[in-house]
There are 2 protein chains.
Amino acid sequence: MREVAVIGVGMTRFGKYLDKSLKDLGRVACWDAMKNAGMNPLEIQAGYMGNAAGGALTSQTMVLAQVVFREVGVVGVPMMNIENACASGSTALFQAWRDIQAGFYDTAIVAGVEKLYASDTQKTMAALAGGGDAELEMSVGVNFPAHWALRATKRMELFGTTREHFAKVTIKNHKNGCYNPRSQYQKEFTMEDVLGSRMIATPMSQLECSPIGDGAAALILCEASKARKYTDKPIIIAGCGLSTGSYQETRDITFNDIEQRAAVKAYEAAGIGPGEVSFAEVHDCFTVAEMMRVEGIGLCQHGEYDFLLDKGEVEIDGRLPINPSGGLLAKGHPVAATGVAQICELFWQMRGEAGKRQIANTKIGLAHCSGGGIAGDGAVSVVSIAKKGF
Amino acid sequence: MREVAVIGVGMTRFGKYLDKSLKDLGRVACWDAMKNAGMNPLEIQAGYMGNAAGGALTSQTMVLAQVVFREVGVVGVPMMNIENACASGSTALFQAWRDIQAGFYDTAIVAGVEKLYASDTQKTMAALAGGGDAELEMSVGVNFPAHWALRATKRMELFGTTREHFAKVTIKNHKNGCYNPRSQYQKEFTMEDVLGSRMIATPMSQLECSPIGDGAAALILCEASKARKYTDKPIIIAGCGLSTGSYQETRDITFNDIEQRAAVKAYEAAGIGPGEVSFAEVHDCFTVAEMMRVEGIGLCQHGEYDFLLDKGEVEIDGRLPINPSGGLLAKGHPVAATGVAQICELFWQMRGEAGKRQIANTKIGLAHCSGGGIAGDGAVSVVSIAKKGF
């Protein structure tokens, strides 16, 4: 199989854009990515668009790829719109990576574009609830905060995790977000702030839940041997794995097999083991989620993440920085844009362009994104592993 | 590249299912396809779901693949939800075909599931309007009937096509639909019926527009060398092409390049030319669309379709049967299900299982599906060419 390089990235700041459409946000991110890559739109051979809630929350119910990519001069080539809930953008990347690997294309644009702010919060909440099994889960009230609160409660019982441990995730990620000009929130929070914030689903307080947001991110991919024409600092997507959740009637809800299985595929494809990973962006939709994801993808043992937090190992200047971008908690979580924005962060970090949040050791970067909540397990998980090119 | 066989198909009758969910409809089609293939769900290595309007019209806004495939015992494997407006199901097939060709999987399930009936027609109409460029086209009123009416008017001027020619498409397809137990409409119409039906957008009357409908269709794909384990009558997807529309500021609106380019890719991949095609299912969303599609994919010359209609050549017993299933006009058009249902029809016809609508010569079958309406051209077009296996 051929190698696939990321040669340019673009991203809007995540936030609230009531005066912008999906097309507006997508145009900015895609154009920035093409400028960053130094690629002419006519050289792009395929387009992959991730979007999750456009049908439910905007007038652009379909064909967002065609509408957005046309704005930046990409027309006539194969395009598709891909949805896998919160991992929509990651799935778009996964498929583009696959298709370039297999030799169907040499170049592609991948974007994740999302608008979650709607006329009222209830509309947004209803749309997001449809990221689980609408008939099975909405009817019994097991929405996303409830899912994660159950896991957090069980984790406290099993491992002695405290509310302070959870809060440390928020504090770390918001601190990182302060150094990221594209982060939705750029404000530090104290332990008191987190513990004292409004309770959403015990033990998860408001500051432990990722916010509603709008935004877009885009990547230009190129078959690695042709990347030198455009850049001398590509990053290579060395492996990418996608998995869906299994039935686990007697399972431990503090550990989802879905992340593990996606990660194993990615490690195998990359020929890189978890011990070699220098830093990671993971799907911290809730504080407990960051813990479970880092453990699920094998970067530490099940139950061990609390100690990494206590020892500061997952800070930007620690041994294994987690979510240097600010993660979903601070940078924001415009659903389909998230997985693509994670790759933007790997790209900037690995090229030494991350400014005040720059990590020292960026040899191997990992991005993890999960989506959906089918019956307590995830609906999908995607893990990508990046190494430096040339 | 490896060859890809269709070894089983399933399909609900298209119609109005106010008491059924996307999950209900999808379950039936997927289960029927697996039974038809004689395949255990645990043998299925990947799932591809086409859906276009679920986000806008149902509570299941996301992860439909995971929700539906889980119903029939397919869990844990890579899945994705693919949308390309009316060609969503065809695009799901395209991607599954690609991935099996490339060796990523040996087996896959592909489904198209759609519910268009909503609380009121305006809601459905608004959702469908988002299949074009919502900002550009909805604001100026160029909805789908208007687009096609402009093309029809221009065709009448250029080629002398009459309203009777258009009506012959409706009459033929509804006649075919009478022989298809899964057709939404099973009623013959006369020339007077069509010409006298309510005018929607001159010169397109109501009976010249495809109806609103709900439904589902599913396919089981298998790498061809492994297909004999399951069936001695597979059909092979010999070629599949996907293209998006180009900018054509000075173009002839009676001919879309999008169909032509998708078809050329499919013919090249299959090593089969248009002259070898025995019959076709094409995207007759409006009567004039059938004409333009057959001409676009090269089955006759531009402007020639009127003569084929006059001579009866495109009837079930003619030289080149077009839409033996009843097409979108009679069988119905639950958006994403349509492209998958077209492959079901090729499968039944090519195995001699099409009952009263059986065609004599079914050596090579072609399916064409288009979706979206970005600025007068299509947003996407998919052409698949099938031949008999073994």
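On a predicted model such as this, the values are computed, not experimentally measured, just so you know.

Enquirer: Could you give an account of helix α4 (residues 88–101) of chain B, with specific residues and numbers?
Expert: Every α-helix winds through 3.6 residues per turn, so residues three or four apart in the chain are directed the same way. The end-to-end C-alpha separation of α4 of chain B is 20 Å, in line with the 20 Å expected for 14 residues at 1.5 Å each. In terms of residue burial, α4 of chain B counts as a mostly covered element, since 13 of its 14 residues are buried.

Enquirer: Which residues make up helix α8 (residues 163–177) of chain B, and what are the values?
Expert: All names here are of chain B. Over its 15 residues, α8 runs 21 Å from end to end, which matches the ideal 21 Å to within 8%, given 1.5 Å per residue. All of the buried residues in α8 are H165, F166, A167, K168, V169, T170, I171, K172, N173, H174, N176 and G177. Buried residues along α8 sit against α7 (144–159), α9 (191–196), α11 (287–296), α12 (305–310) and α13 (327–331).

Enquirer: Any chance you could break down the domain arrangement of chain A for me, citing the residues and the numbers?
Expert: Interfaces are often sized by the amount of accessible area the parts lose when they come together. Residue and element names in this part refer to chain A. In terms of domains, chain A is made up of domain 1 (4–120 + 213–235) and domain 2 (132–211 + 238–388). For domain 1 versus domain 2, the separation of C-alpha centres amounts to 23 Å. In this complex, domain 1 contributes 36 residues to the contact, which on the side of domain 2 involves 37 residues. The set of elements that each furnish at least two residues to the side of domain 1 that touches domain 2 consists of β1 (4–11), α4 (88–101), β4 (107–114) and β7 (215–223). If one sorts the elements of the side of domain 1 that touches domain 2 by residue count, α4 sits on top with 7 residues. Looking at the side of domain 1 that touches domain 2 residue by residue, the classes come out as 21 nonpolar, 11 polar and 4 charged.

Enquirer: Help me get a handle on the environment of G196 of chain A, residues and values and all.
Expert: Residue and element names in this part refer to chain A. Considering the arrangement of structural elements, one finds G196 in helix α8 (residues 191–196). Judged by local crowding, G196 falls into the partly exposed class, with 13 C-beta atoms found within 10 Å. Taking the C-alpha atoms as reference points, G196 and R151, separated by 45 residues in sequence, lie 21 Å from one another.

Enquirer: Could you give me a rundown of the pairing of strand β10 (residues 364–371) of chain B, with the residues and numbers involved?
Expert: All names here are of chain B. The element β10 is extensively covered by neighbouring structure, given that 8 of its 8 residues are classed as buried. Of the strand pairs in this sheet, strand β9 (residues 279–281) and β10 are connected by 3 bridges, and their pairing is parallel. Bridge assignment links E281 to a residue of β10, and that residue is A367. With 8 bridges joining them, β10 and strand β11 (residues 380–388) adopt antiparallel strand pairing. Bridged to H368 within β11 is V383.

Basis of the calculations
Residues numbered from 1 in each chain as written. Chains lettered and ligands numbered in written order. Predicted model: local features only at pLDDT ≥ 70, side-chain atom pairs only at ≥ 80, totals over all residues. Helix = DSSP H or I, 4+ residues; strand = E, 2+ residues; numbered from the N terminus. Expected span 1.5 Å × (residues − 1). Buried ≥ 20, exposed ≤ 12 C-beta atoms within 10 Å, placed from the backbone. Contact = placed C-beta atoms within 7 Å. Domains from an automatic or database assignment. Nonpolar A, V, L, I, M, F, W, Y, C, P; charged D, E, K, R; others polar. Pairing = 2+ DSSP bridges.

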